[in-house]
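The primary structure of each chain is shown beneath.
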Amino acid sequence: MVATCRQMNESGINQGTAGNLSIRIDNGFLITPSSLPYDDMQAEDIVEMGFDGTYVGRRPSSEWRFHRDILAQRNDINVVLHCHSLYATTLACHHRTIPSFHYMTGVAGGNSIRCAGYATFGTQALSDNALTALEDRLACLLGQHGQISLGKDFSSALWLAIEVETLSRMYVQALTLGEPPILPDDEMERVIEQMRRMSYGQAPDPEGSNDVARPREAG
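Residues numbered from 1 in each chain as written. Predicted model: local features only at pLDDT ≥ 70, side-chain atom pairs only at ≥ 80, totals over all residues. Heavy atoms only, no water.

Trainee: Report on the pattern of salt bridges, specifying residues and quantitative values.
Mentor: Evaluated as defined, the whole model comprises six salt bridges. Between Arg190 and Glu187 there is a salt bridge, with the nearest N and O atoms lying 3.0 Å from each other. Residue Arg190 and its partner Glu187 are located together in helix H6 (residues 185-199), separated by three residues, close to a single helical turn. For Glu187, a relative accessible area of 25% corresponds to the partly exposed category. One salt bridge connects Glu193 with Arg196, and the closest N-O pair in it is separated by 2.6 Å. One end of the pair, Glu193, and the other, Arg196, are both in helix H6, three residues apart, so they sit about a helical turn from each other. (Salt bridge = Lys/Arg side-chain N within 4 Å of Asp/Glu carboxyl O. Helix = DSSP H or I, 4+ residues; strand = E, 2+ residues; numbered from the N terminus. Buried < 20%, exposed > 50% of the residue type's maximum accessible area, 1.4 Å probe, protein only.)

Trainee: Break down the packing of helix H3 (residues 86-93) against helix H5 (residues 154-175) for me, citing the residues and quoting the values.
Mentor: Relative to each other, H3 and H5 sit at 55 degrees, their axes nearing to 7 Å. Between H3 and H5, the angle is such that the two are oblique. Judged by the twist between their axes, the crossing of H3 over H5 is left-handed. Taking contact as the criterion, the partners of Leu86, Tyr87, Ala88, Thr90 and Leu91 in H3 are, on H5, Glu165, Ser168, Arg169, Tyr171, Val172 and Leu175. Considering only residue class, the contact of H3 with H5 consists of seven nonpolar, two polar and two charged. (Axes fitted to C-alpha atoms, helices over the stretch in contact; angles between N-to-C directions. Parallel < 35°, antiparallel > 145°, perpendicular 65-115°, else oblique. Left-handed = near helix turned anticlockwise from the far one by under 90°. Contact = heavy atoms within 4.5 Å. Nonpolar A, V, L, I, M, F, W, Y, C, P; charged D, E, K, R; others polar.)

Trainee: Quick one: what's the story with the packing of helix H2 (residues 64-73) against helix H4 (residues 124-133), residue by residue and with numbers?
Mentor: Two elements in contact, H2 and H4, have axes whose closest approach is 8 Å; the angle formed by their N-to-C orientations is 40 degrees. In the crossing of H2 with H4, the sense of the turn from one axis to the other is right-handed. In this structure, H2 contributes Arg65, Phe66, Arg68, Asp69, Ile70 and Gln73 to the contact, and H4 contributes Gln124, Leu126, Ser127 and Leu131. Residues that form the contact of H2 with H4 fall into these classes: four nonpolar, three polar and three charged.

Trainee: How would you summarise the pairing of strand E9 (residues 139-142) if you had to cite specific residues and measurements?
Mentor: Residue alternation in E9 divides its side chains into two sets, Ala139 and Leu141 and Cys140 and Leu142, and both sets are buried. Of the strand pairs in this sheet, strand E8 (residues 115-116) and E9 are connected by two bridges, and their pairing is parallel. When the bridges of E9 are listed, Cys115 appears paired with Leu141. Crossover handedness for the path E8 to H4 to E9: right-handed. Bridge analysis of E9 against strand E10 (residues 146-151) gives four bridges, and the strand direction is antiparallel. Counted as the bridge partner of Leu142 is Gly146 from E10. (Pairing = 2+ DSSP bridges. Right-handed = clockwise from strand over helix to strand, strands pointing away.)

Structure follows, in structure tokens:
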């Protein structure tokens, strides 16, 4: 967990003591402490919390509410990562949802990466807004705040957060030329199905295709 936090800073998606990270455990979750630089953080500084808001050890991150609520509601994921990456936050400051201007938008699970409405940091209102924006999604922006990415493990959540930041940068740059064309919903459905097949170790080509990549037979 500490290593992933440090990777957040090393990758450039987070700075200083901003951002936080959590992972599900039996009957609760582990979360990063409040206001402790990642370079100084040790394993014993990680805070254990229950879904009732009780904790053991250091004071938890001020954003513990949305970590708790997301983990309580989303049994399909185990890790919640929050950061203030530059381009995602730039879009969030304009309350911009990222549309399907590029097919990789589908990595977040739909045809857009929504931006949640603004609420004061650390509040239940912010958690409620995040849950709404994350419905059927694995990532969202937080209005005038940052981004949240979800995953089954640390590596998948970190990968997605970096991808959201990459897409955000691409979208900001595309907007300098005007509003980019948007891929239609039916194409995004095909993209997401391709991604689903590949995540299960299957070829992206649909069943029954005559032109598929296949191992060359020996001899």
